[in-house]
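So the chains spell out like this:
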Amino acid sequence: MRLTFLGEGMAMGWVPAGADYEISVDGGRVVARTAQGKALKSLPKALKDHEAVTGLRQLVEWLRRHEATCRAEAERWMIRSLPVPTAVVAQVWADESWRALLRDVVIVPVDDVGGWDVASAGLLRDADGSGLGVVDLDGESARITAASVAIPHPVLLPDLEDLREFAGDLGVEQGMLQLFREVWHRPADDAGRRSELARYTGARYKELRHAQSRAVSAGYRVQGGTAVCRVWEAGDTIVASVWIGEGDPSEETEVGELSFADVAGESVAAAAVPPVAWSEGLRMAALLHSGGVERDDE
C-alpha cells in the first residue's frame, strides 16, 4: 500500500477490499467506492469488518496519535525556547507530520554560548544535512548552518507585530501556533500586574465538569481544584494556577484568580514571573474565562 499523504487531509490512494470494492481515507475516515469507481456515501455492510478496513482505521488512529505526539514535542521546544540541534530538525523534517508543524515557524540561530542571532531569523522552509532553508525577514532565501536553532515563544520576539504582518504578506499559515499565538506582556508596575492577575476571574460554569473538561481539552492538568500550566523557563519551573472549584462535578462553579508558584509550591511574586510563564498563565486564565459567563451576564 502506498500512502501519498495522511496528515490533516487524510488522503491516500485506493486499496482493494475484496473483489467488488476499493477503500481509501478521506478527512480522517475510511470511505469506499465500487470497483468501477462509483463513490459510496457509506461503507457497505460487507466491508464493516473487512480486514482492510480495520487496518486503515488502525492506521488513521496511529497517525492521529503520532501527530499529537509531534505537536506536543514541537510546542515544548517553543515554550521552553531551548536550543534544538539543527541535525534533529533535519531528521524529523522527512516525517510529514513534523514537516506540517515546523514549516514556516520562525527559527533563530543559536551560537556556541547560547546567544540568539535574531537578525538572522527566518521562516523555516526546508531542512537537510546541509542546514535549514529559511525565508529571512527581508523576504530572501537563506540557509542556517548553525549547530542549533531556537523556536522562540512569540512573547520573546521583539518585533512580533512586524513579523505577523510579514507572514501575512507571504500568506503564511503555520501548522503550529507561534506567530499568531495570543501573548500577554507583564506590566511594569504593581497595580498593572495585580489587575492582570484578577482580569479573568468571576466567570461561572453551570457545572464544574464543564470547567474541568475545558481545561483538560486545552492540554492543562487539573489537580486539587485548580487548572495548572507548568512552564520550564530560565532553568526553573514556574507553575501557573487558576482555581476552578472542586467537589460535585454537577455543581456550579466560579473561576478564581491566576497565581504563580515554584515547583515546591512556594508563591512567586508577580514581578518575578518570567515572560513566557506570565504569557502562558494569562493565556490559560483567558481560555477558562471565555468558556464561562460573567456574573453580570446572566
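Structure: above.
Residues numbered from 1 in each chain as written. Predicted model: local features only at pLDDT ≥ 70, side-chain atom pairs only at ≥ 80, totals over all residues. Heavy atoms only, no water.

Caption draft 1: Expanded view of the sheet that holds strand 5 (residues 106–110). Here we have six strands laid out as an open sheet, ordered 4-9-5-6-7-8, and antiparallel in their pairing. Strands at the two margins of the open sheet, each flanked by one partner only, are strand 4 (84–85) and strand 8 (141–144). Inspection of the sheet shows strand 4 paired to strand 9 (residues 148–150) by two bridges, in the antiparallel sense. Across the sheet, residue P85 finds its bridge partner in strand 9, namely S148. (Pairing = 2+ DSSP bridges. Helix = DSSP H or I, 4+ residues; strand = E, 2+ residues; numbered from the N terminus.)

Caption draft 2: The arrangement of the layout of surface pockets in detail. Roughly 640 Å³ of internal volume is contained in the largest pocket. Taken together, 20 residues make up the lining of the largest pocket; nearest its centre are A72, E75, I79, G219 and R230. Elements with a minimum of two residues in the lining of the largest pocket: helix 1 (51–80), strand 12 (226–233) and helix 7 (275–290). Here the lining of the largest pocket takes seven residues from helix 1, the largest share from any one element. Its residues assigned to classes, the lining of the largest pocket shows ten nonpolar, one polar and nine charged. (1 Å grid on protein atoms, 1.4 Å probe; cavity = no way out; pocket = protein on both sides within 12 Å on 5 of 7 lines; lining within 4 Å. Points joined across faces, edges and corners; volume = space filled by probe spheres on them. Nonpolar A, V, L, I, M, F, W, Y, C, P; charged D, E, K, R; others polar.)

Caption draft 3: Examining the environment of A218 more closely. Note that A218 resides in the loop between helix 6 (208–217) and strand 11 (221–223). Classification of A218 by relative accessible area gives partly exposed; the value is 35%. Placed 128 residues apart in sequence, A218 and A90 show a C-alpha to C-alpha distance of 29 Å. (Buried < 20%, exposed > 50% of the residue type's maximum accessible area, 1.4 Å probe, protein only.)

Caption draft 4: A look at the sheet that holds strand 13 (residues 236–243). Pairing is antiparallel in the open sheet, where four strands are placed in the order 11-12-13-15. Looking along the sheet, the strands with just one partner apiece sit at the ends: strand 11 and strand 15 (258–262). Within this sheet the neighbouring strands show an average axis-to-axis angle of 35°, counted without direction. With eight bridges connecting them, strand 12 and strand 13 associate as antiparallel partners. Note on strand 13: the bridge partner recorded for W232 is T237. Contacts from helix 7 reach strand 12, strand 13 and strand 15 within the one sheet, and its direction differs from that of strand 12 by about 160°. (Axes fitted to C-alpha atoms, helices over the stretch in contact; angles between N-to-C directions. Contact = heavy atoms within 4.5 Å.)

Caption draft 5: Molecular detail of empty space enclosed by the protein. Applying the stated criterion across every chain yields a total of one cavity of 30 Å³ or more. One number sums up the size of the largest cavity: a volume of about 50 Å³. Forming the boundary of the largest cavity are E196, L197, Y200, T201, V242, V255, G256, E257, L258, L282 and A285. When the residues that make up the lining of the largest cavity are grouped by side-chain class, the tally is seven nonpolar, two polar and two charged.

Caption draft 6: Molecular detail of the pattern of salt bridges. Counted under the stated rule, the structure contains 15 salt bridges. As a salt-bridge pair, R99 and E96 come within 2.7 Å of each other at their nearest N and O atoms. Placement of the pair is R99 and E96 together in helix 3 (residues 96–102), with a separation of three residues, close to one helical turn. Judged by relative accessible area, E96 falls into the partly exposed class, the value being 29%. Through salt bridges that share partners, D126, D128 and R143 make up one connected network. (Salt bridge = Lys/Arg side-chain N within 4 Å of Asp/Glu carboxyl O.)

Caption draft 7: Molecular detail of the environment of A74. Among the secondary structure elements, A74 is positioned in helix 1. Put simply, A74 and G133 are 59 residues apart on the chain and 18 Å apart in space, counted from C-alpha to C-alpha. Those residues in contact with A74, other than ones at most four positions away along the chain, are W98, L102 and M176.

Caption draft 8: Representation of the packing of aromatic side chains. One pass over the structure, following the stated rule, counts three aromatic pairs. Arranged with centres 5.7 Å apart and planes meeting at 15°, the rings of F260 and W278 form a pair that is stacked. Here F260, found in strand 15, pairs with W278, found in helix 7; they are 18 residues apart in sequence, far enough to count as distant. Of the two residues examined, F260 and W278, each falls in the buried class. (Phe/Tyr/Trp six-rings, centres within 6.5 Å; stacked < 30°, edge-to-face > 60°.)

Caption draft 9: Summary view of the pairing of strand 6 (residues 122–128). Where strand 5 meets strand 6, two bridges bridge the pair, whose relative direction is antiparallel. Opposite V106, over in strand 6, you have L123 as the bridge partner. The antiparallel hairpin formed by strand 6 and strand 7 (residues 131–136) contains two residues in its connecting segment.

Caption draft 10: Seen up close, the side chain of E22. Checked against the element boundaries, E22 lands in strand 2 (residues 21–26). Side-chain polar atoms of E22 contact the side chain of R33, separated by 2.7 Å. The contact partners of E22, leaving out residues within four places of it in the chain, are W14, V15, P16, A17, V31, A32, R33 and T34. (Polar contact = N/O pair within 3.5 Å; in protein donor to acceptor, adjacent residues only side chain to side chain.)

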